[in-house]
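Chain residues, written in single-letter form:
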Amino acid sequence: MARRKKIYEGKAKTLYEGPEPGTIVQYFKDDATAFNAEKRATIEGKGVLNNLLSEYFMTGLGAIGVPTHFLKRLNMREQLVRSCEIIPLEVIVRNYAAGSLSKRLGIEEGTALPRPIVEYCYKDDALGDPLVTEEHIAAFGWASQQDMDDILSLALRVNDFMSGVMFGVGIRLVDFKIEIGRIYDGDFQRLVVADEISPDSCRLWDIETKQKLDKDVFRRDLGSLTDAYSEVARRLGVMPKGATPKPTLIN
Ligand code: UDP
C-alpha cells in the first residue's frame with residue numbers, strides 16, 4: 001500500500017491525507033501528555049480505546065442531529081473524518097468544579113455548578129492555551145458573533161448528550177473540552193464538532209464511588225489509565241473485540 005501523506009502530528013493523534021479530497025485519517029496514538037506536555041508516557045491500548053470511544057460519542061451525536069466531522073472508523077486505531085478548518089479555541093463545558101476552575105476560583109473539586117459554564121481557551125501550546133473571553137475572540141477575529149452563537153449551542157447540546165449517556169452507565173460528566181471545525185459547502189460554511197471526544201478530554205467520575213475514569217488518573221498518578229478507560233468502554237459496551245478482563249489471582 002502506498003504510504004499516506006502525513007499532514008500533522010499532534011500529542012495524541014497523527015493526521016494523514018484521506019483517500020478522497022476533503023477527508024482525513026485520524027490515527028490515535030498511545031502517547032499521553034499532561035501539563036502542556038511536561039509529563040509524557042506511552043500507555044498501551046489508549047489509542048485503541050479512544051478511537052472506539054470517540055466513534056461511539058460522535059456517532060451518537062450525529063444520530064441526534066449534532067453535526068460532527070466523523071465519517072467512519074477504519075480499523076482499531078484509525079477513523080476517517082471530514083477535513084475542516086479548526087477554530088483555534090478549546091471549548092470547555094463544566095457541570096461540576098474541577099481542575100483549573102477550582103484552582104482559579106478556589107471552589108472545591110466536585111462542587112455542583114449552578115448551571116453549565118462554558119469557557120474558551122485560545123489554542124496555543126507555547127502560551128499554555130490561555131483562557132480568553134468573547135471580547136478577545138471577536139477582536140482578534142478567531143470567530144464571528146454568529147459562530148459564537150452556534151458554538152455555544154453546539155457545546156450545550158454535546159453537554160446534554162454526553163451527560164445523559166454517562167449518567168446511564170453510572171458516570172458523572174464533570175467537564176469536557178471540544179474543538180469546533182468549519183466546513184465549507186460552496187459559499188456556505190457550517191460548524192461541526194471535530195477532533196475527538198474521549199476520556200482524554202473529559203472528566204468522568206463514578207457516581208457512587210467518585211473514582212476518576214479519565215486523564216486525571218495519568219495527570220495525578222492515580223493508577224492505570226488503561227484500566228480506567230477500559231472501564232468506561234466496558235460500561236458503554238464498546239470494549240475492543242478480543243479484549244478480555246485481566247485474570248484475577250485466586251488465593
Ligand atoms: N482539557 C483538554 N485539553 C486541554 C485542556 C483541558 O482536553 O488542553 C479538558 C480536561 O481534560 C478537562 C476540561 O478540559 O476535562 C477542563 O480542563 P481544565 O481547564 O480544568 O484544565 P486542567 O485542570 O486539565 O489543566
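All residue numbers refer to position in the chain's written sequence, counted from 1. pLDDT decides what is reported in this predicted model: residues at 70 or higher carry local features, side-chain atom pairs at 80 or more are listed and counted, and totals for whole chains, interfaces and linings draw on all residues regardless. Hydrogen atoms and water are omitted, and side-chain values are computed over all heavy atoms in the structure.

### Description of the sheet that holds strand β1 (residues 6-9)
Formally: Paired strands, as defined in this entry, are two strands with at least two bridges between them according to DSSP. Numbering goes from the N terminus for both helices and strands, where a helix is a DSSP run of H or I of at least four residues and a strand is a run of E of at least two. Helix axes use the C-alpha atoms of the stretch in contact, all axes being lines fitted to C-alpha atoms, and the angles between their N-to-C directions lie in the range 0 to 180 degrees. Between two residues, a contact is recorded if the distance between any of their heavy atoms is within 4.5 Å.
Pairing is antiparallel across the open sheet formed by 5 strands, whose spatial order is β1-β2-β3-β7-β6. Each edge of the open sheet is held by one strand with a lone partner, namely β1 and β6 (70-73). Put simply, the sheet's adjacent strands are angled 25° from each other on average, direction ignored. Across 3 bridges, β6 lies against strand β7 (residues 78-82) in antiparallel orientation. Opposite F70, over in β7, you have V81 as the bridge partner. Strands β3 (23-28), β6 and β7 of the sheet are contacted by helix α1 (residues 46-63), whose axis makes an angle of about 135° with β6.

### A short note on the nonpolar core
The test is simple: Here, nonpolar core refers to any group of buried Ala, Val, Leu, Ile, Met, Phe, Trp, Tyr and Cys residues whose side-chain atoms link them within 4.5 Å. A simple rule labels every residue: compare its accessible area, found with a 1.4 Å probe on the protein chains alone, to the largest value its type can have, and call it buried under 20%, exposed over 50%, or partly exposed in between.
One finds V158, M162, I178, I197 and L236 to be the most contacted residues of the largest nonpolar core, which totals 50 residues. Counting residues per element, this core draws most heavily on helix α4 (residues 145-168), which supplies 9 residues. I178 has contacts with L89, E90, V91, A155, V158, V193 and I197, leaving out every residue within four places of it along the chain.

### A short note on the site of the ligand
For clarity, the threshold we go by: By convention in this text, a residue qualifies as near a molecule or strand provided that one of its non-hydrogen atoms is within 4 Å of it. Polar contact is defined as a pair of N or O atoms within 3.5 Å, subject to the rule that within protein one atom must be able to donate a hydrogen and the other to accept it, and that residues adjacent in sequence are counted only when both atoms are side-chain atoms. Note on areas: these come from Shrake-Rupley sampling with a 1.4 Å probe, and a residue is covered only by the protein chains present in the view.
With respect to spatial proximity, 15 residues lie near the ligand, and among them R94, S100, D175, R203 and R219 are the closest. Separating an oxygen atom of the ligand from a side-chain N or O atom of R94 is a distance of 2.6 Å. D175 has a polar side-chain atom sitting 2.6 Å from an oxygen atom of the ligand. Bound to the protein, the ligand loses 77% of the 510 Å² it would expose on its own. Elements with a contribution of two residues or more to the shell around the ligand: β9 (89-96), α2 (99-105), β12 (171-185) and β14 (202-206).

### Focus on the pairing of β3
With respect to burial, β3 is a largely interior element, 5 of its 6 residues being buried. As defined by bridge partners, strand β2 (residues 13-17) adjoins β3 across 5 bridges and the pair is classed as antiparallel. Considered in β3, the bridge of L15 is made with Q26. Linking β2 to β3, which pair antiparallel, is a turn of 5 residues; within it G22 sits at a positive phi near 85°. Alignment of β3 against β7, held across 5 bridges, turns out to be antiparallel.

### Observations regarding the environment of C121
Inspection of the secondary structure puts C121 in strand β10 (residues 112-122). Sequence separation of C121 and G10 is 111 residues, and the distance between their C-alpha atoms is 18 Å. In contact with C121, other than residues within four places in its own chain, are P88, L89, E90, I92, D129, P130, L131 and V132.

### Re the confidence of the model for the chain
Caution is warranted with low-pLDDT regions, since their predicted coordinates should not be read in detail. So the rule is basically this: pLDDT measures the predictor's confidence residue by residue and takes values from 0 up to 100.
Per-residue pLDDT for the chain averages 95, and the proportion of residues at 70 or more is 95%. Per-element averaging of pLDDT across the chain places strand β4 (residues 31-34) at the bottom with 96 and β9 at the top with 99.

### As for the packing of aromatic side chains
Short version of the rule: Each aromatic pair joins two rings of Phe, Tyr and Trp (for Trp, the six-membered one) with centres within 6.5 Å, and gets the label stacked for planes under 30 degrees apart, edge-to-face for over 60, and tilted for any other angle. Lysine NZ or arginine CZ positioned within 6 Å of the ring centre and within 35 degrees of the ring normal marks a charge as sitting over the ring.
What the rule picks out here adds up to 3 aromatic pairs. Through pairs of rings, three or more aromatic residues link up here, namely Y122, F140 and W142. Seen from the ring of Y16, R4 lies directly overhead, with NZ or CZ sitting 4.6 Å from the centre. We note K39 situated over the ring of F218; from NZ or CZ to the ring centre the distance is 5.0 Å.

### With respect to the packing of α1 against helix α6 (residues 225-236)
Rules: Should an angle fall under 35 degrees it is taken as roughly parallel, and over 145 as roughly antiparallel, whereas 65 to 115 is taken as roughly perpendicular and any remaining angle as oblique. It is the rotation of the near helix from the far one that decides the hand of a crossing: anticlockwise by less than a right angle makes it left-handed, clockwise makes it right-handed. Amino acids are sorted into nonpolar (Ala, Val, Leu, Ile, Met, Phe, Trp, Tyr, Cys and Pro), charged (Asp, Glu, Lys and Arg) and polar (every other residue, Gly among them).
For the pair α1 and α6, interaxial distance at closest approach is 10 Å and the crossing angle is 30°. With respect to α6, the axis of α1 lies roughly parallel. Crossing angle aside, the handedness with which α1 passes α6 is left-handed. Note on element contacts: α6 touches α1 through L225, T226, Y229, S230, V232, A233 and L236, opposite K46, L49, N50, L53, Y56 and F57. For the contact of α1 with α6, the per-class residue count stands at 9 nonpolar, 3 polar and 1 charged.

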